[in-house]
Each structure stands twice: as structure tokens, then as C-alpha cells.
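One-letter residues, chain by chain:
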Amino acid sequence: MAYLDRFCGRFVCLIAALFVVTVMSSDAIAAGKPKVRFITNAGEFTLELEPDLAPQTVDNFLQYVRDGFYDGTIFHRVIPGFVVQGGGFTPQFQQKPTRAPIRNEADTALSNERGTVAMARTSDPHSATAQFYINMRFNGALDHVSKSGAGWGYTAFGRVIDGMNIVGRISRAPTGPGGPFPQDVPQEPVVVEKAEILK
């Protein structure tokens with residue numbers, strides 16, 4: 001009986017130790033993933049970024065956040081069941097000047113699943129600067145398949161971890177023409193009041 005008590009005691013200690021290691025490992029992993037909160041006139045949402053998968057993309061995005069670049073920008077392209085896009089225009093549809101484009105990292109990045117955040121770009125695969133979009137469904141057609149032409153895909157570098165209901169609310173905004181865009185522009189501007197890196 002004493003042996004069983006000692007065994008059970010050791011077993012409980014082992015389970016407790018494994019639990020502590022697991023929690024510490026999870027915390028250590030999470031600690032390396034920057035979080036960014038977007039405060040908008042429609043509500044708040046928080047992103048968790050993946051620097052191990054898309055280091056240049058994450059560094060670029062965080063620098064724009066530190067610079068206050070996104071403050072006062074709008075979500076200028078909203079397509080229900082597809083994407084919510086912003087990060088480039090003021091409410092007066094003035095395009096903000098950006099830094100140089102970055103290299104496409106879609107070959108190592110996340111899949112464009114619902115709730116992931118990715119870099120918008122032109123037809124040039126290495127043209128992403130500041131604009132980003134949030135996927136409102138699984139958009140596998142936007143993923144990397146090859147390092148040529150359209151196969152490059154779009155770099156998904158993080159995900160919404162809080163406030164996806166707010167992103168959903170933005171995606172359902174009534175849209176129409178606005179500024180240089182013939183469609184898909186929220187008729188009531190959805191404005192980023194502040195983007196901030198969480199400590």
C-alpha cells in the first residue's frame with residue numbers, strides 16, 4: 001500500500017510537471033508571436049502574427065503599425081464571403097505613400113483560411129507594401145502553388161484571434177462606388193482609429 005501511495009504520488013508529480021512544461025512551452029511559443037489591436041469605428045479586433053513563417057512580411061507590417069501609418073485609414077474594399085481589405089487610403093480616398101515593396105513569402109506562409117490576414121498586392125507577386133486583407137472564408141485559390149506568375153499566391157502572415165465578429169460586421173457593410181473604385185466600398189466609412197502593438 002505504501003508503495004502504491006509513493007507510486008501515485010510520483011505519478012501525480014509527473015503529470016503536474018508535464019502540465020507545467022506544456023503550459024510553459026505554449027507561453028513561450030505565444031511570446032514570439034506579436035499581437036496587433038485594430039480599433040475601428042465599427043469595433044476592435046486583434047491579430048496574432050507569424051514571424052517564423054513570414055519574417056519580412058511581419059517586420060514590414062509591424063513597422064507600419066509603429067509609424068502610425070494605419071491610423072486614419074479605411075477599409076476600402078469589402079466583399080461579403082470573400083475579403084475585407086484596407087490599409088492604404090484615407091476617408092477622402094487619398095492613397096498614402098508607402099515604403100518599398102517586400103518579397104512575397106507565400107511559399108512559407110499560412111494558407112488563406114478564414115480569419116487569416118494577408119498582404120494585398122498588384123499582379124506583380126513582389127509588390128506588397130502596406131495594404132492587407134482578412135479572409136472571410138477559405139480562399140485556397142490565393143495560396144502559393146509555384147514560384148512563377150499567378151502561382152506565387154498571397155502571403156498570409158497572421159490570424160484574427162479576437163473580434164472576428166467585428167470583422168464580420170465590417171464585411172456586411174452596405175457597399176457601392178467610392179473614390180476611384182466603382183464598387184465594394186462601404187457607404188459609411190469604416191475607419192481605423194488606431195492600430196497598436198500589444199505588450
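Owing to the predicted nature of the structure, the values given are computational and were not obtained by experimental measurement.

(A) Here's a closer look at the overall build of the protein. Helix and strand counts for the protein stand at three helices and ten strands. Each helix and strand of the protein, placed in order from N terminus to C terminus, yields the pattern α-β-β-α-β-β-β-β-β-α-β-β-β. For the protein, with 199 residues in total, the buried portion stands at 44%. Within the protein, contacts between residues at least 6 apart in sequence are counted, and of these 67% link residues at least 24 apart. When the accessible surface of the protein is split by element, carbon and sulfur atoms take 58% of a total near 10400 Å².

(B) Representation of the pairing of strand β2 (residues 43–49) within the structure. For β2, the tally of buried residues reaches six of seven residues, placing the bulk of the element in the interior. With six bridges connecting them, strand β1 (residues 35–40) and β2 associate as antiparallel partners. Bridging from a neighbouring strand, Val-36 pairs with Leu-47 of β2. Hairpin geometry of β1 and β2 is characterised by an intervening segment of two residues between the two adjacent antiparallel strands. Of the strand pairs in this sheet, β2 and strand β7 (residues 156–162) are connected by four bridges, and their pairing is antiparallel. Looking across to β7, one finds that Glu-48 is bridged to Arg-159.

(C) Spotlight on the side chain of Ser-171. Mapped onto the fold, Ser-171 is located in helix α3 (residues 164–171). At 2.7 Å, the side chain of Ser-171 and the backbone oxygen of Gly-168 are in polar contact. When sequence neighbours within four positions are dropped, the list of residues in contact with Ser-171 reads Val-78, Pro-80, Val-84 and Met-136.

(D) Quick look at the packing of aromatic side chains. Applying the stated rule across the entire model yields 16 aromatic pairs. Ring centres of Phe-38 and Tyr-70 lie 5.9 Å apart, and the angle between their planes is 50°; this geometry places the pair in the tilted category. Of the two residues, Phe-38 sits in strand β1 while Tyr-70 sits in the loop between α2 (55–66) and β3 (75–79), which places them 32 residues apart along the sequence. Ring plane angle 40° and centroid distance 5.3 Å describe the contact between Phe-61 and Tyr-70, whose orientation is recorded as tilted.

(E) Focus on the pattern of salt bridges. Using the criterion set out here, one finds seven salt bridges in the structure. Between Arg-37 and Glu-196 there is a salt bridge, with its nearest N and O atoms 2.5 Å apart. Of the two residues, Arg-37 sits in strand β1 while Glu-196 sits in strand β10 (residues 192–198), which places them 159 residues apart along the sequence. For Lys-147, the salt bridge identified is with Asp-107, shortest N-O distance 3.2 Å. Taken as a pair, Lys-147 in the loop between β6 (132–135) and β7 and Asp-107 in the loop between β4 (83–86) and β5 (116–119) lie far apart in primary sequence, 40 residues in all. Residue class for Lys-147 comes out exposed when judged on its relative accessible area of 56%. By relative accessible area, which is 29% here, Asp-107 ends up partly exposed.

(F) Quick peek at the confidence of the model for the protein. Looking at the protein, pLDDT values average 89 and 84% of them are 70 or higher. This stretch, residues 1–29, has a pLDDT under 50; its non-local contacts, to residues over four places away or in other chains, come to zero contacts.

(G) How the structure looks around α2. Helix length check: α2, at twelve residues, gives a terminal C-alpha distance of 16 Å against a target of 16 Å (1.5 Å per residue), a fit within 8%. Every buried residue of α2 is accounted for by Thr-57, Val-58, Asn-60, Phe-61, Leu-62, Tyr-64 and Val-65. Each element contacted by the buried residues of α2 is listed here: β1, β2, β5, β6, β7 and β10.

What counts and what doesn't
Residues numbered from 1 in each chain as written. Predicted model: local features only at pLDDT ≥ 70, side-chain atom pairs only at ≥ 80, totals over all residues. Heavy atoms only, no water. Helix = DSSP H or I, 4+ residues; strand = E, 2+ residues; numbered from the N terminus. Buried < 20%, exposed > 50% of the residue type's maximum accessible area, 1.4 Å probe, protein only. Contact = heavy atoms within 4.5 Å. Areas by Shrake-Rupley, 256 points an atom, 1.4 Å probe, with all protein chains shown as cover. Pairing = 2+ DSSP bridges. Polar contact = N/O pair within 3.5 Å; in protein donor to acceptor, adjacent residues only side chain to side chain. Phe/Tyr/Trp six-rings, centres within 6.5 Å; stacked < 30°, edge-to-face > 60°. Salt bridge = Lys/Arg side-chain N within 4 Å of Asp/Glu carboxyl O. pLDDT = per-residue confidence, 0-100. Expected span 1.5 Å × (residues − 1).

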